[in-house]
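Structure assessment
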Amino acid sequence: MRTFVITGGTDGMGRGLGLHYLGRGDRVIAVGSSQAKGDLFLAAAAGIGAAERASFVRADLSTVGGMRELVDRMPDVIDVLVLAAQRFQNKRVETEDGLESSFALGYLSRYVLGHDLFDRLERAETPLVLNIAAPGSPGKMRFDDLQQREGHSSMRAATQTARRNDLLSVSFPQVHPDARTRYVLYGPGFVATGMGDSMKQPVRAVYKVMTRLFAAPVAKAIAPMIELIDNPPVAALTVLNRGKPMPVAGPAFDPTNAERLHKVTADLVASISR
């Protein structure tokens, strides 16, 4: 029996993965911000006879304090860490820490959890981090305005978050060069999830129509992820887009920028944690 920790585990692909592995006999800890959605996840787990192996942890992953509290509540051994938490924002929102919300939830929580749970992953037999993002997104990495105080837009926030996760995936094996833990950055493409629920009209209506016409269902989107989890790659870092390997090369995966972002982020976390 393996132990899975899944952020964003009560919605979309995170929920789909959690219920799949509960059905396989594993233990799943679903992390989310909504108690109501957590209760629905636990009810679904009970419906497949997995109530005793399913847990829900309510956490605020938009703050460093919330990230640290989650780390403190996690078990001593973690086999698979799935990083899927994200939220669409119609406008620029700052967290309690004074950080832009997409930066905090979509990138910083992945940074903190991946590094702070590293020792617990290393105790597992075949440990894996699966970061669900959007590898190779266009746009220049804006080191001069990480919190997007100027020229913010929802699309720019999403692409900048994706670029940060590209560099995070490169820096993880830089920081842990002798790790047994494998890191996978995975782009699922357009998937039918609840991402559009927080959008304003008429954008939400258009997004819903596009979802019905073009988005892949969750079950189809997670199938390649399941294959990866069940057969972990040999390489320290693997990047895939809709199941197809991507070269870890070019500006998006520049190792110098990855090291720079890691240092900036480490200093930021340290300043908030004081």
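Below is a short write-up of the structure. Per chain, residues are indexed from 1 in the order of the written sequence. Restriction of local features to residues with pLDDT of at least 70 applies here, the model being predicted, together with a cutoff of 80 or more for giving and counting side-chain atom pairs; totals for whole chains, interfaces and linings are based on all residues. By convention in this description, side-chain values take in all heavy atoms of the structure and omit both hydrogens and water.

Turning next to the overall build of the protein. Here a helix means four or more residues in a row that DSSP labels H or I, a strand means two or more in a row labelled E, and each is numbered from the N terminus. Broken down by element type, the protein carries nine helices and eight strands. Expressed as a percentage of its 274 residues, the buried residues of the protein come to 50%. Relative to all contacts within the protein whose residues are 6 or more apart in sequence, the contacts with residues 24 or more apart total 77%. Of the roughly 12,600 Å² that the protein leaves accessible, carbon and sulfur atoms contribute 53%. The cut-offs for exposure are 20% and 50% of the maximum accessible area for each residue type, with area from a 1.4 Å probe on protein chains only; residues under the lower value are buried, those over the upper are exposed, and the others partly exposed. Contacts: residue pairs with any heavy atoms within 4.5 Å of one another. All accessibility values rest on the Shrake-Rupley procedure with a 1.4 Å probe; residue burial counts only the protein chains present in the view.

Let's shift gears to helix α3 (residues 64–73). Those residues of α3 lying buried are Val 64, Gly 66, Met 67, Leu 70 and Val 71. Viewed end-on, α3 has its buried residues packed into an arc of 160°, placing them on one side of the element. Opposite the buried face of α3, by more than 90 degrees, sit the exposed residues Glu 69, Asp 72 and Arg 73. Next to the buried residues of α3 lie β2 (27–32), β3 (54–58), α4 (101–116), α5 (118–122) and α9 (255–273). Directions from the helix axis toward the C-beta atoms define the arc.

Turning to the nonpolar core, a few remarks are in order. Think of a nonpolar core as a cluster: buried Ala, Val, Leu, Ile, Met, Phe, Trp, Tyr and Cys residues, connected wherever their side-chain atoms sit within 4.5 Å. Ranked by size, the top nonpolar core spans 46 residues in total, and within it Leu 61, Leu 70, Met 74 and Leu 108 carry the most contacts. Considering every element that reaches this core, the biggest residue donor is α4, with eight residues. Beyond its immediate stretch of four places on either side in the chain, Leu 108 contacts Val 64, Met 67, Leu 99, Phe 103, Thr 265 and Val 269. The next biggest cluster of nonpolar side chains, apart from the first, holds 29 residues, and it includes Met 13, Leu 130, Ile 132 and Tyr 186.

Right, let's get into the packing of aromatic side chains. Aromatic rings in a pair are described by how distant their centres are and how their planes are angled relative to each other. Classification of ring pairs rests on two measures: the distance between centres of Phe, Tyr or Trp rings, Trp counted by its six-membered ring, which must be within 6.5 Å, and the angle between planes, read as stacked under 30 degrees, edge-to-face over 60 and tilted in between. Per the counting criterion, the structure on display carries five aromatic pairs. Ring geometry for Phe 172 versus Tyr 183: centroids 4.8 Å apart, planes at 40°, classification tilted. Taken together, the residues span a long stretch of sequence, with Phe 172 in helix α6 (residues 154–175) and Tyr 183 in strand β6 (residues 182–187) at a distance of 11 residues. Judged on exposure class, the residue Phe 172 and its partner Tyr 183 are both buried. Three or more aromatic residues joined by ring pairs make a cluster, and in this case those are Phe 103, Tyr 107 and Tyr 111.

A few words now on the pairing of strand β5 (residues 128–132). A large share of β5 lies buried, amounting to five of its five residues. Burial along β5 is two-sided: Leu 128, Leu 130 and Ile 132 and Val 129 and Asn 131, pointing in opposite directions, are all buried. One ladder, built from five bridges, connects β5 with β6; its direction is parallel. Across the sheet, the residue bridging to Asn 131 is Leu 185, located in β6. The pairing criterion for strands is at least two bridges between them, as found by DSSP.

Moving on to helix α2 (residues 35–47). The length a helix should cover is 1.5 Å for every residue beyond the first. Its 13 residues give α2 an end-to-end C-alpha distance of 18 Å, which sits within 8% of 18 Å, the value for a rise of 1.5 Å per residue. By the burial criterion, the buried members of α2 are Gly 38, Phe 41 and Ala 45. Along the axis of α2, the buried positions cluster into a sector of 60°, meaning they face one direction only. Opposite the packed face of α2, turned more than 90 degrees from it, sit the exposed residues Ala 36, Leu 40 and Gly 47. Here the buried face of α2 lies against α1 (12–23), β2 and β3. At the exit of α2 stands Gly 49, carrying a positive phi of roughly 75°.

Sheet architecture is open: eight strands sit in the order β3-β2-β1-β4-β5-β6-β7-β8, paired in mixed fashion. The two strands at the open ends of the sheet, each matched to only one other strand, are β3 and β8 (244–245).

Our next topic: the pattern of salt bridges. Any Lys or Arg side-chain nitrogen found within 4 Å of a carboxyl oxygen on Asp or Glu counts as a salt bridge. As enumerated under the stated definition, the model contains nine salt bridges in all. Asp 230 serves as the salt-bridge partner of Arg 24, at 3.2 Å between the closest nitrogen and oxygen. Here Asp 230 lies in helix α8 (residues 218–230) and Arg 24 lies in the loop between α1 and β2, a separation of 206 residues in the sequence. Counted as one network, the salt bridges with shared partners bring together Arg 2, Arg 24, Asp 26 and Asp 230.

For the rest of this paragraph, the subject is unusual backbone geometry. Non-glycine residue Gln 148 carries a positive phi angle of around 50°. With relative accessibility at 1%, the residue Gln 148 sits in the buried group. Phi is positive for Arg 242, which is not a glycine, with a value near 50°. As for its placement among the helices and strands, Arg 242 is situated in the loop between β7 (237–241) and β8.

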